[in-house]
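Descriptive structure summary
Residues per chain, in single letters:
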Amino acid sequence: MRRSHMCGHVEAVDIGAPVRLQGWVSRRRNLGGLIFIDLRDRSGLVQCVFNPEAAPEAHGDAQDLRPEWVIEVEGQVDARPEEMVNESLPTGALEVKASAVRVLARSETPPFLIEEDSGASEELRLRYRYLDLRRPPLQRTLALRHRLALATRNFLDERGFLEIETPMLTRTTPEGARDYLVPSRLQAGEFYALPQSPQLFKQLLMIAGFDRYFQIARCFRDEDLRANRQPEFTQIDMEMAFVEPGDVMEVGEGLMRRLLDVAGLPSDMEIDRLSFRQALDRFGSDRPDMRYQHELSDVTDAVRDCEFRAFAEVASSGGSVKALKFPGGAEATRSRLDNLSEIAREQGAKGLVWILNTMDGLKSPVAKFLGEETMASLLQQTAVGKGDALLLVADEWEIAATALGSVRTALAESEGWIEPGLKFLWVTEFPLLERDLESGRLMARHHPFTSPHPDDLGRLESSPLSVRARSYDLVLNGVELGGGSIRNHDVAIQERVFAALGIDAEEAQAKFGFLLDALSFGAPPHGGIAFGFDRIVMTLSGRDSIRHTIAFPKTTRAADLMMDAPAEVDAEQLEALHLSVITPEPEPTEE
């Protein structure tokens with residue numbers, strides 16, 4: 001049963017040679033005398049021809065073949081007649097004159113077509129994922145995923161990195177999302193956690209002296225899902241000793257260029273760098289899409305003394321008034337402008353003010369408060385011409401910038417501002433800490449092991465929210481591909497960061513004693529980064545969801561429809577794990 005060729009690897013040099021092929025019947029056509037079978041495997045597709053005169057027995061057997069049957073075909077490679085050449089198919093100038101066929105497995109009628117576009121719902125395709133994976137788009141994407149993983153390993157190996165596996169069963173640590181917990185059978189009432197990342201282990205490897213580590217790591221987060229998130233995902237995880245941020249970013253850029261080459265995409269791009277403050281101030285996002293400009297303006301000084309109280313009060317209290325030019329926006333309908341206002345409010349802003357520079361003059365719902373002179377000054381400062389509109393948000397600086405940035409993104413998508421191509425950007429110096437809106441407590445913006453910027457270290461206790469982190473994110477077309485930082489290698493600084501987070505010495509020892517102990521035994525300066533591998537594959541393959549880049553993904557409710565997981569377990573298993581299940585009571589219904 002040894003095949004001589006993969007279906008897509010039959011070439012012109014094989015003309016006249018005997019072949020033995022194995023694969024799935026993709027399509028069967030009976031044209032009276034001749035029967036044509038398109039035979040498919042993961043390498044591609046080739047046409048097999050059954051002639052009743054040349055091979056009557058094989059022709060008779062081919063009468064019964066149906067789509068998705070697994071068959072073996074023996075025959076001879078021949079050139080197709082010139083008028084039957086299929087230019088869109090790599091093997092389109094060839095065919096196999098079949099002399100024998102053997103059925104290896106029959107198939108029920110599939111619930112959807114095994115084609116480029118099956119036309120089936122995602123739910124149906126996920127339920128029969130093994131059939132969905134036969135489709136060429138998914139096979140191409142997973143083949144690219146393999147090549148990108150191989151290129152990653154080769155690239156990092158060339159630069160002295162060692163691939164080291166870290167545990168999948170560990171202890172729960174605060175990293176911003178809920179952990180998946182695993183009950184221990186041997187330690188009653190205690191739990192392992194599946195890792196959200198190998199963060200602590202890779203720092204320990206630096207303390208252990210391995211100098212350069214990487215891992216294509218499986219990670220788990222029990223959080224609400226979106227198109228670019230899954231409960232279990234893969235990241236390219238790296239850590240390096242004796243480095244500054246620029247060293248880590250240089251390795252990250254080199255890796256991206258190698259992966260772009262593998263994907264057949266241009267890799268000679270320039271990668272700009274912006275601080276978090278610059279990115280938010282200019283684009284209203286800490287992961288701005290650089291395929292379009294249309295930057296935000298700060299017009300706080302221009303409205304500081306105006307009669308519109310909402311603007312004047314924000315300006316006098318230290319807030320910001322941010323502005324965005326909307327080319328052609330003077331003709332926008334009221335409902336369109338209201339929709340943009342709602343987008344701003346969803347980001348915490350109180351609303352959106354607009355000034356329309358129409359052919360008939362200036363129009364604004366607050367025109368009588370701003371006055372003609374202030375409106376004209378604003379339009380001049382922001383280069384808003386006839387037919388354009390100016391959109392404004394006034395609030396605390398970060399809220400104003402983020403709200404108008406979301407409006408900017410919505411306009412870019414609806415107005416066609418986005419240019420084709422790939423635009424990378426490094427965003428650096430994020431705030432070390434942020435305040436949780438619900439609890440009011442300070443939280444780590446990335447994670448609690450990130451090093452404060454040395455210039456800001458003196459303000460860690462007196463003004464913690466003003467402290468910058470030695471952190472960096474790589475953004476591609478508005479998608480965060482990965483992020484990292486320089487870590488705290490000085491145990492005293494790590495303890496100060498814990499204290500700023502409200503973690504006292506006793507709690508720090510209980511949760512992170514192993515790390516604090518390790519740092520006390522000579523820890524080198526170190527830092528690293530982790531790239532979302534699924535997101536990289538998604539972007540470089542042109543897909544719109546990481547579900548298309550993972551062999552067996554979950555739904556947006558974290559369910560595996562094919563395996564019907566998660567599922568109940570029997571009482572014996574629960575008893576062995578010292579667990580009992582409490583069924584929540586149904587919510588009362590209104591009578």
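Look up a bit, the structure's there.
Quantities reported herein were computed from a predicted structural model and do not represent experimental measurements.

**Things to note about the overall build of the protein**
Along the protein, the regular secondary structure elements total 16 helices and 22 strands. Each of the three principal axes of the protein carries a C-alpha extent, and together these read 95 × 75 × 65 Å. Buried residues in the protein amount to 47% of all 591 residues. Of the roughly 30,100 Å² of accessible surface on the protein, 49% is carried by carbon and sulfur atoms. Here the protein contributes 66 positively and 95 negatively charged side chains, and the mean placements of these two sets differ by 2 Å.

**Let's talk about the pattern of salt bridges**
Side chains that differ in sign of charge can pair as their charged atoms come close. Here the structure, examined in full by the defined rule, presents 42 salt bridges. A salt bridge links Arg-29 to Asp-38; the nearest nitrogen and oxygen atoms lie 3.1 Å apart. In this structure, Arg-29 and Asp-38 share a single accessibility class: buried. Across the pair Glu-122 and Arg-547 runs a salt bridge whose closest N-O atoms are separated by 2.9 Å.

**Some words on the packing of helix α5 (residues 199-207) against helix α14 (residues 505-519)**
Running from N to C, α5 and α14 cross one another at 20°; their axes reach a closest spacing of 10 Å. What the angle tells us is that α5 and α14 run roughly parallel. In terms of crossing hand, the pair formed by α5 and α14 is left-handed. Where α5 abuts α14, its residues Leu-200, Leu-204 and Ile-207 lie against Phe-512, Phe-514, Leu-515, Ala-518 and Leu-519. Looking at the contact of α5 with α14, its residues break down into 8 nonpolar, no polar and no charged.

**A word on the packing of aromatic side chains**
The relative placement of two aromatic rings is captured by the distance of their centres and the angle of their planes. A full pass over the atoms with the stated rule returns 9 aromatic pairs. On the basis of an interplanar angle of 70° and a centroid distance of 4.8 Å, the ring pair of Phe-308 and Phe-311 is categorised as edge-to-face. Put simply, the rings of Phe-308, Phe-311 and Phe-369 pair up and form one aromatic cluster. The positively charged end of Arg-159 is found above the aromatic ring belonging to Phe-155, 3.6 Å away from the centroid. The aromatic ring of Trp-397 is capped on one face by Arg-277, whose charged end is 3.7 Å from the ring centroid.

**Details of a nonpolar patch on the surface**
Judged by side-chain polarity, Leu-181, Phe-191 and Leu-579 come together as a nonpolar surface patch covering roughly 260 Å² of accessible area. Turning to its location among the elements, Phe-191 is positioned in strand β8 (residues 191-193). Classification of Phe-191 as partly exposed rests on a relative accessible area of 42%.

**Re the pairing of strand β5 (residues 94-105)**
Sheet analysis places strand β3 (residues 44-50) next to β5, joined by 2 bridges and oriented parallel. Its bridge partner being in β5, Val-49 is matched across the sheet by Lys-97.

**Some thoughts on the sheet that holds strand β15 (residues 361-363)**
Within the open sheet, the 5 strands sit side by side as β12-β13-β16-β14-β15. Their pairing is antiparallel. In this open sheet, the two strands that pair with only one neighbour each are β12 (297-298) and β15. Strand direction decides the pairing type here: strand β14 (residues 353-358) and β15, joined by 3 bridges, are antiparallel. Across the sheet, residue Thr-358 finds its bridge partner in β15, namely Gly-361.

**Comments concerning the environment of Asn-154**
Relative to the helices and strands, Asn-154 resides in helix α4 (residues 136-158). Take Asn-154: its relative accessible area is 39%, and that puts it in the partly exposed class. Linking Asn-154 and Arg-535, residues 381 residues apart in sequence, is a C-alpha distance of 20 Å.

**Some details on helix α7 (residues 276-283)**
Three or more residues of α7 are buried, namely Phe-276, Ala-279, Leu-280 and Phe-283. Each buried residue of α7 sits inside an arc of 100° when the element is viewed along its axis, so together they form one side. In the core, the buried residues of α7 are packed alongside β11 (272-275), α12 (397-415) and β17 (424-428). After α7 finishes, the residue Gly-284 shows a positive phi value of roughly 70°.

**A few points about the nonpolar core**
Ranked by size, the top nonpolar core spans 35 residues in total, and within it Met-238, Met-256, Phe-424 and Phe-531 carry the most contacts. Looking at this core element by element, the count peaks at 7 residues for helix α6 (residues 245-262). Contacts of Met-238, omitting those with residues within four sequence positions, involve Leu-156, Phe-161, Lys-202, Tyr-213, Phe-214, Val-251, Leu-255, Arg-487, Gly-528, Ile-529 and Phe-531.

**Description of unusual backbone geometry**
Omega for the bond connecting Ala-565 with Pro-566 falls within 30 degrees of zero, at 5°, which places this linkage in the cis form. With respect to the secondary-structure elements, Pro-566 resides in the loop between α15 (533-540) and α16 (571-576). Look at Asp-211: it is not a glycine, yet its phi comes out positive at around 70°. Relative to the helices and strands, Asp-211 is located in the loop between α5 and β9 (212-220). Its identity as a non-glycine residue notwithstanding, Glu-429 has a phi of 55°, on the positive side. Classification of Glu-429 by relative accessible area gives partly exposed; the value is 26%.

**Let's talk about helix α13 (residues 491-500)**
Where α13 is concerned, the buried positions are Gln-494, Val-497 and Phe-498. For α13, the angular spread of the buried residues around the axis is 100°, confining them to a single face. On the buried face of α13, the contacting elements are α14. For α13, the side-chain oxygen to backbone nitrogen distance between the N-cap and Ala-492 is 2.8 Å, and the N-cap itself is Asp-490.

**Remarks on the side chain of Asn-477**
Relative to the assigned elements, Asn-477 resides in the loop between β20 (471-476) and β21 (479-486). A polar atom in the side chain of Asn-477 sits 2.9 Å from the backbone nitrogen of Lys-423. Setting aside anything within four residues of it in sequence, one finds Asn-477 in contact with Asp-289, Arg-291, Gly-421, Leu-422 and Lys-423.

**A closer look at the sheet that holds β5**
Here 5 strands make up a closed barrel; going around it, the order is β1-β2-β3-β5-β4 and the pairing mixed. Strand-to-strand twist across the sheet, computed as the mean angle between neighbouring axes with direction ignored, equals 55°.

**Side note on the environment of Glu-342**
Relative to the elements of secondary structure, Glu-342 occurs in helix α10 (residues 334-346). Glu-342 gets classed as partly exposed once you look at its relative accessible area, which sits at 37%. For Glu-342 and Val-407, which are 65 residues apart along the polypeptide, the C-alpha to C-alpha distance reads 9.2 Å.

**Section: the side chain of Asp-41**
For Asp-41, the position within the fold is in strand β2 (residues 34-41). Of the side chains with opposite charge, Arg-3 lies nearest to the buried Asp-41, which makes no salt bridge, at 4.2 Å. Within polar-contact distance, the side chain of Asp-41 engages the backbone nitrogen of Cys-7 at 2.8 Å. Polar side-chain contacts of Asp-41 include one of 2.5 Å to the side chain of Ser-43.

Cut-offs applied
- Position numbers for residues start from 1 in each chain and track the written sequence from start to end.
- Side-chain atom pairs in this predicted model are given and counted only at pLDDT of 80 or more, local residue features only at pLDDT of at least 70, and totals for whole chains, interfaces and linings cover all residues.
- Side-chain measures here rest on the full set of heavy atoms in the structure, leaving out hydrogens and waters.
- A helix here means a DSSP run of H or I that spans at least four residues, while a strand means a run of E at least two residues long, and both kinds are numbered starting from the N terminus.
- When a residue's accessible area, from a 1.4 Å probe over protein chains only, is under 20% of the maximum for its type it is buried; when over 50% it is exposed; and in between it is partly exposed.
- In these tables, accessible area is a Shrake-Rupley quantity obtained with a 1.4 Å probe, and a residue counts as shielded only by the protein chains included in the view.
- Only four residue types enter the tally: Lys and Arg on the positive side, Asp and Glu on the negative side; His and the chain ends are excluded.
- Where a charge lies is defined by one atom per residue type, namely NZ (Lys), CZ (Arg), CG (Asp) and CD (Glu).
- In what follows, salt bridge is the name for a side-chain nitrogen of Lys or Arg lying within 4 Å of a carboxyl oxygen of Asp or Glu.
- Orientation is described by lines fitted to C-alpha atoms, with helices fitted over the stretch in contact, and by angles between N-to-C directions that extend from 0 to 180 degrees.
- Under this scheme an angle from 65 to 115 degrees is roughly perpendicular, one under 35 degrees roughly parallel, and one over 145 degrees roughly antiparallel; angles in between are oblique.
- Should the near helix be turned anticlockwise from the far one by less than a right angle, the crossing is left-handed, and should it be turned clockwise, the crossing is right-handed.
- Throughout, a residue-residue contact means that at least one pair of heavy atoms, one from each residue, lies within 4.5 Å.
- Residue classes follow a fixed rule: Ala, Val, Leu, Ile, Met, Phe, Trp, Tyr, Cys and Pro count as nonpolar, while Asp, Glu, Lys and Arg count as charged, and any other residue, Gly among them, counts as polar.
- Paired rings are identified among Phe, Tyr and Trp, the last through its six-membered ring, by centres lying within 6.5 Å, and are further divided according to the angle between planes into stacked (under 30 degrees), edge-to-face (over 60) and tilted (the rest).
- To sit over a ring, a charge needs its Lys NZ or Arg CZ within 6 Å of the ring centre and within 35 degrees of the ring normal.
- A patch consists of residues whose relative accessible area exceeds 30% and which take part in no salt bridge; residues with like charges are grouped when within 9 Å of each other, and nonpolar side chains (Val, Leu, Ile, Met, Phe, Trp, Tyr) when within 5 Å.
- Here a strand pair is declared whenever DSSP counts at least two bridges between the two strands.
- Arc definition: it is the arc formed by the directions from the helix axis to the C-beta atoms.
- We call a set of buried residues a nonpolar core when its members are Ala, Val, Leu, Ile, Met, Phe, Trp, Tyr or Cys and they connect through side-chain atoms within 4.5 Å of each other.
- Pairs of N or O atoms are called polar contacts if they sit within 3.5 Å, as long as, within protein, a hydrogen donor faces a hydrogen acceptor (for residues adjacent in sequence, only side-chain-to-side-chain pairs).

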